[in-house]
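Per-entry structural report
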Amino acid sequence: MTYHFSANRVRHFGTTIFSEITALAQHHNAINLGQGFPDFSAPAFIKDAAIKAIQDDVNQYAPLPGRPKLRQAIADKVLKHEGRTVDPNTEIAVMVGATEAIFSTILGLVDPGDEVIIFEPYYDSYIPSIEFAGGIPKYYTLQAPDWTIDPDELEALFSDKTKLIMINTPHNPTGKVFSLDEMELIARLCQKYDAIAAVDGAYEHIIYDGAVHHSMANIDGMAERTVQISSLGKTFSVTGWKTGWTVAPPELTTAIMRIYQWATFSGINPLQEAAAEALITAEQTGYYAELGQMYHRKRDILMNGFNEIGLPAIKPYGSFFIMVDISELGLGTDVEFCKYLPEKVGVAAIPPSAFYVNKSAGEKMARFAFCKKDEVLQAAVEKLRVLG
Ligand SMILES: Cc1ncc(COP(=O)(O)O)c(C=O)c1O
């Protein structure tokens, strides 16, 4: 393509391998375990609340920080789940999905030349956000199959230039849930090097096998330097609603708002009303525990299938992805394998090297999403048997 009008900052972005795999999946009518969105219905209570909000004419702009009822529901949730009091007027900002929350956090807090530490494989929006801010990403490569963290290796990435570390827990795509020891290690390093911890908790309620989503802000000295990012999308199976938020101390919250104030100004008012109702209902009905149990069952259907077939799958403890080691299959790199799969096997998966700078670490794996109906997962297992 010859470039004439587009800005330099966007020229190196192309269409992603994910669009290519989606197109292949559609073309071959394959079972799509690539894309990370549920193929089942969202709970009636959240859908009804959105319909009611629109009919009640909650249809004009929400205030910049978000609808007061939602901010109160978020503050109540933080108190209930973390035992922490946050001020709904100064410490909560609601915006268009965790993606906008990540973008606003990075753009609002990172100056050109500042360093940002991220764990790879990483959620793909982190890097463009850091680039737009003029920041410099520093990568810690999580190694399969345990995805553990070596304290010295992590500390070696910190310096007086470190402004922020992004922690995605439960982690996409590995299913790692950061342990309390790991959170404490990161907390100690943030305080030693005067850095901020941004915790992307898009999957905070999709945990099983007794895993715990630990609160970074609850660790001594961290409340003043932690941004918690949450999303309605995965928790309530409404990824298309793009409603997310941050919880952070007032100075950080103001900086975050200063970014999305000039992008979207505010999130989607009727969906914020529905989100408030959903958070209230979830507490009353034990919804979060049920969500964890449902995903535990789905994880087991796919994991047991992989085990029976003899595919070396790495057990996740949170999120809705399973990474499978494909290196012994003789079907090439992750990209080659994931292009082969829809046509020859009838299943689609995602090549995780797209989530790595250190590509060779990702080339041995394929990511399968299990946020799908049980019968779809079972049908996928049947098809995958040819790989055994
Ligand atoms: C780790 C992680 N963070 C953030 C997001 C984006 O969330 P949202 O749809 O609310 O923008 C996703 C979605 O896939 C994700 O996997």
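Provided above is the structure to which this section pertains.
Report follows, based on the coordinates. (Residues numbered from 1 in each chain as written. Predicted model: local features only at pLDDT ≥ 70, side-chain atom pairs only at ≥ 80, totals over all residues. Heavy atoms only, no water.)

Re the overall build of the protein
As a reminder of what qualifies: Note on conventions: DSSP H or I runs of at least 4 residues are helices, E runs of at least 2 residues are strands, and numbering of each starts at the N terminus. When we talk radius of gyration, it's over C-alpha atoms, and the globule rule is simply 2.2 Å times the number of residues to the 0.38. Residue burial is assigned from relative accessible area. The probe radius is 1.4 Å, only protein chains are included, and a residue is buried under 20% of its type maximum, exposed over 50%, and partly exposed in between. When checking whether two residues touch, look at their non-hydrogen atoms; a contact exists if any pair is within 4.5 Å. Each accessible area is a Shrake-Rupley result for a 1.4 Å probe, and residues are judged covered by the shown protein chains and nothing else. Charge convention: Lys and Arg are scored as positive, Asp and Glu as negative, and His as well as the terminal groups of each chain are ignored. For the purpose of locating charges, the reference atoms are NZ of Lys, CZ of Arg, CG of Asp and CD of Glu.
Each helix and strand counted, the protein has 15 helices and 12 strands in total. Expected size for 388 residues packed as a compact globule is a radius of gyration near 21 Å; at 21 Å, the protein falls within 12% of this value. Taken over the C-alpha atoms alone, the protein extends approximately 55 × 50 × 50 Å along its principal axes. Per-residue burial over the protein gives 56% buried out of 388 residues. For the protein, contacts bridging at least 24 residues in sequence account for 75% of all contacts bridging at least 6. Of the roughly 16,400 Å² of accessible surface on the protein, a fraction of 52% belongs to carbon and sulfur atoms. Once the 33 positive and 47 negative side-chain charges of the protein are each reduced to a mean point, those two points are 4 Å apart.

Some words on the pairing of strand 2 (residues 92–95)
Rules: Following DSSP output, two strands are said to pair if at least two bridges run between them.
Of the two faces of strand 2, the one holding I92 and V94 and the one holding A93 and M95 are both buried throughout. Note: strand 2 against strand 8 (residues 244–247), four bridges, orientation antiparallel. Within the sheet, the bridge partner assigned to M95 lies in strand 8 and is G244.

As for the pattern of salt bridges
Rule in force here: Criterion for a salt bridge: a side-chain nitrogen of Lys or Arg within 4 Å of a carboxyl oxygen of Asp or Glu.
Tallying each qualifying case throughout the model produces 19 salt bridges. Between K339 and E20 there is a salt bridge whose closest N-O contact spans 3.1 Å. Of this pair, K339 sits in helix 13 (residues 334–344) while E20 sits in helix 2 (residues 17–27); the two residues are 319 residues apart in sequence, bridging distant segments of the chain. Judged by relative accessible area, which is 35%, K339 ranks as partly exposed. For E20, a relative accessible area of 39% gives the class partly exposed.

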